Amino acid sequence: MGCILSSLGWQWRDSLNQIDTSSSLPTLNLSPPQQQLLVESWRLIQHDIAKVGVIIFVRLFETHPECKDVFFLFRDVDDLQGLRDNKDLRAHGLRVLSFVEKSVARIADSARLEELAMDLGRSHYRYNAPPRYYQYVGTEFISAVRPMLQDKWTLEVEEAWKGLFTYICTVMERGYQEEEKRHNDGRSLIDGLQGSKGLI
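Cut-offs and rules
- Residues numbered from 1 in each chain as written.
- Predicted model: local features only at pLDDT ≥ 70, side-chain atom pairs only at ≥ 80, totals over all residues.
- Heavy atoms only, no water.
- Helix = DSSP H or I, 4+ residues; strand = E, 2+ residues; numbered from the N terminus.
- Buried < 20%, exposed > 50% of the residue type's maximum accessible area, 1.4 Å probe, protein only.
- Contact = heavy atoms within 4.5 Å.
- Areas by Shrake-Rupley, 256 points an atom, 1.4 Å probe, with all protein chains shown as cover.
- Core = buried A, V, L, I, M, F, W, Y, C linked by side-chain atoms within 4.5 Å.
- Salt bridge = Lys/Arg side-chain N within 4 Å of Asp/Glu carboxyl O.
- Expected span 1.5 Å × (residues − 1).

> Could you clarify how one ought to interpret the overall build of the chain in this entry?
The helix and strand inventory of the chain stands at eight helices and zero strands. Ordering the α and β elements of the chain from the N terminus gives α-α-α-α-α-α-α-α. The buried share among the 200 residues of the chain stands at 42%. Contacts spanning at least 24 positions in sequence make up 77% of the contacts within the chain whose residues lie at least 6 apart. Looking at the chain as shown, the accessible area adds up to about 11200 Å², and 51% of this sits on carbon and sulfur atoms.

> Looking at this structure, I do not really get the nonpolar core. What am I missing?
Across soluble globular proteins, nonpolar side chains have a tendency to be buried as a group. Residues W42, F61, F141, W161 and L164 are the most contacted members of the largest nonpolar core, which totals 51 residues. For this core, the element with the highest residue contribution is helix 8 (residues 155–196), accounting for eleven residues. In this structure, W161 is in contact with L38, S41, W42, I45, V100, V104, F141, I142 and W153, ignoring residues within four places of it in sequence.

> It is not clear to me how the pattern of salt bridges should be interpreted in this structure. Could you clarify?
If the charged atoms of two oppositely charged side chains come close together, the side chains can form a pair. Under the criterion given, the structure shown has nine salt bridges. R122 is paired through a salt bridge with E178; the nearest N and O atoms lie 2.6 Å apart. With a gap of 56 residues between them, R122 in helix 6 (residues 110–126) and E178 in helix 8 connect regions that are remote in the sequence. Overall, E178 belongs to the partly exposed group, its relative accessible area being 37%. With its nearest N and O atoms 2.6 Å apart, the salt bridge here joins R182 to E179. Taken together, the residues span about one helical turn, with R182 and E179 both in helix 8 at a distance of three residues. Look at the salt bridges and you will find they share partners, linking R146, E158, E159 and K162 into a network.

> Looking at this structure, I do not really get helix 7 (residues 134–149). What am I missing?
The α-helix winds at 3.6 residues per turn, so residues separated by three or four positions along the chain end up facing the same way. Helix length check: helix 7, at 16 residues, gives a terminal C-alpha distance of 24 Å against a target of 22 Å (1.5 Å per residue), a fit within 8%. Within helix 7, 13 of the 16 residues are buried, leaving the element largely enclosed by the surrounding structure. Following helix 7 by one or two positions, Q150 adopts a phi angle in the positive range, close to 50°.

This is the structure in structure tokens:
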């Protein structure tokens, strides 16, 4: 999956598209101390979320230029300064970090957090943003905030953030697949009804 992910020690599946959708959703395996680390570190990060959002997506497009294909607004912006100054990119970065903020706020309410991540995955199907890109956002988030927190960034803080992003990406992927299946089932039903018209 690339040197960035392996350098962070994340263990990703070879293909994010090969999930058994009949199995139960993953659980968020963060201890109360890890949850507290997320809340405390987010308090320090949230003051610079506009800056962090831009850094995440500029780095994302630098390290994984193929991701730009999903973002039609930025697809044709080639120079990095143009990306840094792009109002749409800044707005998208803020939306992503707003979701992170909601996730941290609901860290102790796993049912609500699962619902949020599932809904986000469903909407990403409608945006034609496939699951193979989700994991990169967590990687770039960590790369962006690590230097900001300096000595407050510890191995324990990093593991907590990795755990949260791994969970969110996995649940989003399930939401994407659920929406894809719903769409394909609906398409099959329509195709079947249209085919049966010739029999009547």
